Amino acid sequence: EEDQVKHPCFVFVPQCRLETMWTIMNPPKYTNMEASPKPTPELAGAFAILDQVISEYPIDTNKIYLTGMSM
């Protein structure tokens, strides 16, 4: 609680299930990839949870940062 008072923030770390990805790539190669326009269930779920947190807590939506690690 003391750290939260000093450095107010939320850390949201969604994880994909095994054998899934955040996006569907067509074709699934590392060159000339195009993402599917429809989000995967994993990505849609992550955005739904983020929307819920934003609606329940005093989140400054101008200070949301995204980072990631390789799939």
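Only a predicted model underlies this, so the values are computations on that prediction, with no experimental measurement involved.

Peer 1: Teacher, can you tell me more about the overall build of the protein chain here?
Peer 2: When helices and strands are counted, the protein chain shows two helices and two strands. In the protein chain, the succession of helices and strands from N to C terminus is α-β-β-α. Out of the 71 residues belonging to the protein chain, those deemed buried represent 6%. Of all intrachain contacts in the protein chain linking residues separated by at least 6 positions in sequence, the fraction that spans at least 24 positions is 34%. Here the protein chain displays about 6900 Å² of accessible surface, and carbon together with sulfur accounts for 59% of that area.

Peer 1: Before we go on, may I ask you to explain the environment of Ile54 in this structure?
Peer 2: For Ile54, the position within the fold is in helix 2 (residues 41-56). The contact partners of Ile54, leaving out residues within four places of it in the chain, are Ile59, Thr61 and Ile64.

Peer 1: Can you help me understand the side chain of Glu42 in this one?
Peer 2: Mapping Glu42 onto the fold places it in helix 2. Under the relative-accessibility criterion, Glu42 is labelled buried at 11%. A polar side-chain atom of Glu42 sits 2.2 Å from a polar atom in the side chain of Arg17.

Peer 1: Before we go on, may I ask you to explain the packing of aromatic side chains in this structure?
Peer 2: One pair of aromatic rings is described through two measures. These are the centre distance and the angle between the planes. Scanning the entire structure with this criterion turns up one aromatic pair. The interplanar angle of 50 degrees and the centroid separation of 4.9 Å between the aromatic rings of Phe10 and Tyr57 together place this pair among those described as tilted. Here the residue Phe10 occupies a position in the loop between helix 1 (2-6) and strand 1 (25-26), and Tyr57 occupies one in the segment after helix 2, the gap between them amounting to 47 residues. The class of Phe10 is partly exposed, set by a relative accessible area of 45%.

Calculation rules
- Residues numbered from 1 in each chain as written.
- Predicted model: local features only at pLDDT ≥ 70, side-chain atom pairs only at ≥ 80, totals over all residues.
- Heavy atoms only, no water.
- Helix = DSSP H or I, 4+ residues; strand = E, 2+ residues; numbered from the N terminus.
- Buried < 20%, exposed > 50% of the residue type's maximum accessible area, 1.4 Å probe, protein only.
- Contact = heavy atoms within 4.5 Å.
- Areas by Shrake-Rupley, 256 points an atom, 1.4 Å probe, with all protein chains shown as cover.
- Polar contact = N/O pair within 3.5 Å; in protein donor to acceptor, adjacent residues only side chain to side chain.
- Phe/Tyr/Trp six-rings, centres within 6.5 Å; stacked < 30°, edge-to-face > 60°.

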